[in-house]
Amino acid sequence: MKNIIDFNYPAKLMFQADDQWCYGREPLLRRMKDGSLVASIYSGGPYEPHIDNKVLLIRSEDNGNTWSKPIMLFSHPRRAVMPTEIFTYGGNPIMFFSTFLPEHNYREISSFNSLSEDNGRSWGKPVQVNGCGSYAVREGMVLEDGTWLFPVHWMEVREGWNWVDNNNSSITKKWMYCSGVIRTNNQGKEFQKFGYIHLPDYRYHLWEPACVALTGRHLVMLMRAEGTGWLYRSDSYDAGLSWTVPEQTEIPNPASKFCLKKVGNTILLINNFNNLHDSDKGFVNRNHLEIWASNDNLLSFYKKTAICKQDACIFYPHGFIENDILYLAVENGVSHYFLT
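Notes on the structure in this doc start here. Note that the coordinates shown come from a computational prediction; the quantities given were computed from them, not determined experimentally. Sequence order sets the numbering: in each chain, residues are counted from 1 along the sequence as written. At least 70 in pLDDT is required for a residue's local features to be given in this predicted model, at least 80 for side-chain atom pairs to be given and counted, and no such filter applies to totals for whole chains, interfaces and linings, which use all residues. Excluded from the side-chain calculation are hydrogens and water; included are all heavy atoms of the structure.

1. As for the sheet that holds strand β6 (residues 80-87)
Note: strands within a sheet are paired through backbone hydrogen bonds, in either parallel or antiparallel orientation.
So, step 1. Read across the sheet, four strands follow the order β6-β7-β8-β9 without closing on themselves; strand pairing throughout is antiparallel. Lying at the two open borders of the sheet, with one neighbouring strand each, are β6 and β9 (127-128).
So, step 2. Only strands that DSSP links by at least two bridges are regarded as paired with each other. A helix here means a DSSP run of H or I that spans at least four residues, while a strand means a run of E at least two residues long, and both kinds are numbered starting from the N terminus. The sheet contact formed by strand β7 (residues 94-100) and strand β8 (residues 110-115) spans six bridges and is antiparallel. Considered in β8, the bridge of Ile94 is made with Leu115.

Structure representation (structure tokens):
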């Protein structure tokens, strides 16, 4: 990212890597009840995953025009810590985050959450997510009957359970990501997991899922499918209790996180629409960040809007819709930007 004029919409710098925080990943953007904005950031250590990974928090009191310096929110002396969701639809905001041993390559994630009672200015003591000990919790939603539903993913060890060499990629590539959902009918006191969405081929993962409701009980899940160049899809017709066999879509994706939002009958997909997926090149293929709009349940898209210059390496969108305005946080590993 050269400078801010790469964007097609007004953008403000949220976070910039420096000597203390040498990189920043996966901003999670949310509005607090008092009108302020908060965003968590995954940083700490020289890279990720690393034992020094931590959860940072930044804040804006002027609707995203300026942002505070990051403060360290959660860390662990022996485990990496990664934020995965800030849920604001149930009253006080709840932050979900995962701890893990980096040398295990995410295979034994533990999920925790923390509650804020003062609009994200302070956060309570982390507690393990009841009924969801080993899943990475992604962006949640409230179903028609009031049920909270969160897509999740986890790493399944199919071979190499007694693995020792943390550089043996031939083994770690066989620890497959699978997806599903967790649901709660009592506002997070207890969760249950549903769905086992996976591919049989060792080469491909299904992870970083996102869900949207098409009707009251018909949900769709899109998933990052490592090594394929496309997003995969699964449907549920019973509000997330069961899911169809995943199928490849015609939506390109360079093995990167995306964002799903719904406004009325329109579904917005914010994604890097590029099907190049050479992992050896790092982030270079995470360009073509666009918003695609669908009014036929993601079967086709009637409008496609570029967020920034097509060759700009900007990715991992996250945000929310408020009064028909889409608020987004995006990043490139060292700089995070806020757009509306």
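2. Comments concerning the side chain of Asp235
So, step 1. Residue placement: Asp235 occurs in strand β17 (residues 230-236).
So, step 2. Polar contacts, as used here, are pairs of N or O atoms within 3.5 Å; protein pairs need one atom able to donate a hydrogen and one able to accept it. Residues neighboring in sequence count only if both atoms are side-chain atoms. Within polar-contact distance, the side chain of Asp235 engages the side chain of His218 at 2.8 Å.
So, step 3. In this description, contact between two residues means that some pair of their heavy atoms is separated by no more than 4.5 Å. Every residue in contact with Asp235, bar those within four places of it in the chain, is listed here: Leu214, His218, Leu219, Val220, Ser242, Trp243 and Thr244.

3. Quick word on unusual backbone geometry
So, step 1. Cis peptide bonds are those with omega within 30 degrees of zero, and the linkage from Glu48 to Pro49 qualifies with 5°.
So, step 2. Mapping Pro49 onto the fold places it in the loop between β3 (37-43) and β4 (54-60).
So, step 3. Even without a glycine there, the phi angle at Tyr316 is positive, about 50°.
So, step 4. With respect to the secondary-structure elements, Tyr316 resides in strand β23 (residues 315-322).
So, step 5. A positive phi angle is found at Asn323, which is not glycine, with a value near 55°.
So, step 6. If you trace the backbone, Asn323 turns up in the loop between β23 and β24 (325-331).
So, step 7. Between buried and exposed lies partly exposed: a residue is buried under 20% and exposed over 50% of the maximum accessible area for its type, with that area taken using a 1.4 Å probe on protein chains only. Relative accessible area serves as the criterion here: at 71%, Asn323 is assigned to the exposed category.

4. A few points about the layout of surface pockets
Where empty space is left in the structure can be found by rolling a water-sized probe over the atoms.
So, step 1. Every definition here rests on a 1 Å grid over the protein atoms only: cavities are sets of points where a 1.4 Å probe fits but cannot get out, pockets are open sets enclosed by protein on both sides within 12 Å along at least five of seven lines, and lining residues have some atom within 4 Å of a point. Grid points are joined across faces, edges and corners, and a volume is the space filled by probe spheres set on the points. There is about 540 Å³ of room inside the second largest pocket.
So, step 2. Every residue lining the second largest pocket is counted, 24 residues in all, and those nearest its centre are Glu139, Gly140, Met141, Leu260 and Lys261.
So, step 3. Of all the secondary-structure elements, those providing two or more residues to the lining of the second largest pocket are β11 (141-142), β15 (206-213), β19 (259-263) and β23.
So, step 4. When residues of the lining of the second largest pocket are assigned to their parent elements, the largest contribution, six residues, is made by β15.

5. Thoughts on the pattern of salt bridges
So, step 1. One speaks of a salt bridge when a side-chain nitrogen belonging to Lys or Arg is within 4 Å of a carboxyl oxygen belonging to Asp or Glu. With the rule as written, the count across this model stands at 16 salt bridges.
So, step 2. Between Arg25 and Glu48 there is a salt bridge, with its nearest N and O atoms 3.0 Å apart. Of this pair, Arg25 sits in strand β2 (residues 25-31) while Glu48 sits in the loop between β3 and β4, and the two are 23 residues apart along the sequence.
So, step 3. Since its relative accessible area comes to 24%, Glu48 is described here as partly exposed.
So, step 4. The network of salt bridges with shared partners includes Arg30, Glu85, Glu139 and Lys261.

6. Thoughts on the packing of aromatic side chains
The geometry of an aromatic ring pair is captured by two quantities: the separation of the ring centres and the angle between the planes.
So, step 1. For this analysis, a ring pair means two rings from Phe, Tyr or Trp (six-membered ring only for Trp) whose centres lie within 6.5 Å, classed as stacked if their planes differ by under 30 degrees, edge-to-face if by over 60, and tilted for the remaining angles. In total, this model carries 20 aromatic pairs according to the counting rule given.
So, step 2. Ring geometry for Trp154 and Tyr196: centres 6.4 Å apart, planes at 20°, overall stacked. Here Trp154 is found in strand β12 (residues 148-157), whereas its partner Tyr196 is found in strand β14 (residues 192-197), with 42 residues between them in sequence.
So, step 3. For Trp154, a relative accessible area of 10% translates into the label buried.
So, step 4. The rings of Phe87, Tyr89, Phe96, Trp148, Phe150 and Phe191 are connected pair by pair, giving a single aromatic cluster.
So, step 5. Its end group placed over the ring of Trp175, Arg107 keeps NZ or CZ at 4.5 Å from the ring centre.
So, step 6. Sitting over a ring, as applied to charges here, requires NZ of Lys or CZ of Arg to be within 6 Å of the ring centre and within 35 degrees of the ring normal. In this structure, Arg183 packs its charged tip against the face of Phe194, placed 5.7 Å from the ring centre.

7. A few points about the sheet that holds strand β5 (residues 71-74)
So, step 1. Here four strands make up an open sheet; going across it, the order is β2-β3-β4-β5 and the pairing antiparallel. Every interior strand has two partners, whereas the edge strands, β2 and β5, have only one. Going from strand to strand, the sheet's axes swing by 30° on average, the running direction of each strand aside.
So, step 2. Note: β3 against β4, seven bridges, orientation antiparallel. Residue pairing for β4: Ser43 is matched across the bridge by Lys54. All axes are obtained by fitting lines to C-alpha atoms, using only the stretch in contact for helices, and the reported angles, taken between N-to-C directions, cover 0 to 180 degrees.

8. Describing the pairing of β8
So, step 1. Where β8 lies against β9, two bridges are found, and the strand directions are antiparallel. Residue Phe112 lies in a different strand from β9, and its bridge partner there is Gln128.

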